Amino acid sequence: MSRTVAVARMQLINKWTYIGWPLTILAASFLMSLAIFALIPVNEGKYGGGSQAPLWYFLVLGIQSMTLAFPFSQGLSISRRAFYLGTLGIFSLIAVGMTVLYMLGGVIERATNGWGVYGFFFTIPWVTDGPWYSTAAFFFVLMMFMFIIGFWFATIFKRWGTTGTLVSTLGTAVALIGVGALTTLLQGWGHVGGWFAQQTPLSISGWAALLCVVLAAGSYATLRRATP
């Protein structure tokens, strides 16, 4: 446990990477969205997609947390298990903090009628229509999902190099295209659309959490044989 905590502290040596940049991206996206809302002369709800901006950085953060810190941790004789748990643990805390910010932003947004300009940045139709815990779960799981994807691709790069990363990326794309083609041949898009129409933010969070567990297990299995 002490090694795991040490890894978490090691990752936070550069606080800008884990804390500064996510907050900066969120603030910049919010201010730009607010300015756009104010310029639209409509006295009704205006919704934008700027709140997703930090999520794409979390994908990059997953890559950086592996490629930049993993070699250093191995130089300190830290086990791969401790590195994995410490890295995933510190990001879980960051995801919780960001989720709280999103939830508070939504509360203020609704209380001020869209910051006085009818603009809704944190309030997202369908996602925030349910109970608060459903919204919180959705934001948290989505952040973890993006981070784990980036982390796993970085472990693949460390394990098999550029060739392995290219093959895995192309393989994933081909698999997705194959699933889409098979669904089209079987005329199953109606069933797929019906299934999604029945889902709620909480159920989607549950499915995404299950996928996160699978991806996390795969990334750990890859990390065990990765070289600095």
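Structure: above.
Residues numbered from 1 in each chain as written. Predicted model: local features only at pLDDT ≥ 70, side-chain atom pairs only at ≥ 80, totals over all residues. Heavy atoms only, no water.

Novice: Help me understand the overall build of the protein in this model?
Specialist: Scanning the protein from terminus to terminus reveals 9 helices and 2 strands. Along the chain direction, N to C, the helices and strands of the protein fall in the order α-α-β-α-α-α-α-β-α-α-α. Each principal axis of the C-alpha atoms in the protein carries an extent, and together these give about 60 × 50 × 30 Å. Relative to its full complement of 228 residues, the protein shows a buried share of 39%. Long-range pairs, those at least 24 residues apart, make up 77% of the contacts in the protein with a sequence separation of at least 6. As displayed, the protein offers around 12700 Å² of accessible surface, 73% of which is attributable to carbon and sulfur atoms. (Helix = DSSP H or I, 4+ residues; strand = E, 2+ residues; numbered from the N terminus. Buried < 20%, exposed > 50% of the residue type's maximum accessible area, 1.4 Å probe, protein only. Contact = heavy atoms within 4.5 Å. Areas by Shrake-Rupley, 256 points an atom, 1.4 Å probe, with all protein chains shown as cover.)

Novice: Looking at this model, I keep getting lost on the side chain of serine 205. Mind explaining?
Specialist: Take serine 205: it is sitting in helix α9 (residues 201-223). With residues up to four places along the chain from it excluded, the contact list for serine 205 reads Ser134, Ala137, Phe138 and Val141.

Novice: Help me understand the packing of helix α1 (residues 2-11) against helix α5 (residues 80-111), please; the structure alone is not making it clear to me.
Specialist: Each pair of packed helices can be summarised by the angle the axes make with each other and by the distance between the axes. Direction vectors running N to C along α1 and α5 enclose 55°, while the axes themselves pass 7 Å from each other. What the angle tells us is that α1 and α5 run oblique. α5 is crossed by α1, and the crossing has right-handed handedness. Counted together, Arg3, Thr4, Val7, Ala8, Met10 and Gln11 of α1 and Ala82, Phe83, Leu85, Gly86, Thr87 and Ile90 of α5 form the full contact between these two elements. (Axes fitted to C-alpha atoms, helices over the stretch in contact; angles between N-to-C directions. Parallel < 35°, antiparallel > 145°, perpendicular 65-115°, else oblique. Left-handed = near helix turned anticlockwise from the far one by under 90°.)

Novice: How should the environment of valine 5 be read in this particular structure?
Specialist: Structurally, valine 5 can be placed in helix α1. As a C-alpha pair, valine 5 and valine 42 span 37 residues in sequence and 51 Å in three-dimensional space.

Novice: I'm lost on α9 in this one. Help?
Specialist: An α-helical turn contains 3.6 residues, so any two residues separated by three or four positions project in the same direction. Between its first and last C-alpha, α9 extends 32 Å over 23 residues, near the 33 Å set by a 1.5 Å rise per residue. All of the buried residues along α9 are Pro201, Ser205, Cys212, Leu215, Ala216, Gly218, Ser219, Thr222 and Leu223. Considering only its buried residues, α9 is in contact with α3 (53-67), α4 (70-75), α5 and α7 (132-185). (Expected span 1.5 Å × (residues − 1).)

Novice: Help me out: how do you make sense of the layout of surface pockets in this one?
Specialist: Empty space within the largest pocket amounts to approximately 260 Å³. Every residue along the wall of the largest pocket is listed here: Phe145, Ile149, Trp152, Phe153, Ile156, Ser168, Thr169, Thr172, Leu176 and Leu215. Looking at which element gives the most residues to the lining of the largest pocket, the answer is α7, with 9 residues. Classifying every residue of the lining of the largest pocket by side-chain character gives 7 nonpolar, 3 polar and no charged. (1 Å grid on protein atoms, 1.4 Å probe; cavity = no way out; pocket = protein on both sides within 12 Å on 5 of 7 lines; lining within 4 Å. Points joined across faces, edges and corners; volume = space filled by probe spheres on them. Nonpolar A, V, L, I, M, F, W, Y, C, P; charged D, E, K, R; others polar.)

Novice: I would appreciate a short explanation of unusual backbone geometry in the present structure.
Specialist: Phi is mostly negative for residues that are not glycine, and the peptide bonds are mostly trans. For tyrosine 118, which is not glycine, the phi dihedral falls at a positive 60°. Tracing the backbone through its elements, the reader meets tyrosine 118 in helix α6 (residues 114-118). Owing to a relative accessible area of 26%, tyrosine 118 belongs among the partly exposed residues under this scheme. Here the phi dihedral of tryptophan 126 falls at roughly 75°; this positive angle occurs in a residue that is not glycine. Assignment of secondary structure puts tryptophan 126 in the loop between β2 (119-120) and α7. Tryptophan 126 gets classed as partly exposed once you look at its relative accessible area, which sits at 38%.

Novice: Just checking my understanding: could you explain a nonpolar patch on the surface for this structure?
Specialist: Together, Trp195, Phe196, Trp207 and Leu210 give the surface a local cluster of nonpolar side chains, amounting to about 460 Å² of exposed area. Along the chain, the position of tryptophan 195 falls in helix α8 (residues 189-198). (Patch = residues over 30% accessible without salt bridge, like charges linked within 9 Å, V, L, I, M, F, W, Y side chains within 5 Å. Salt bridge = Lys/Arg side-chain N within 4 Å of Asp/Glu carboxyl O.)

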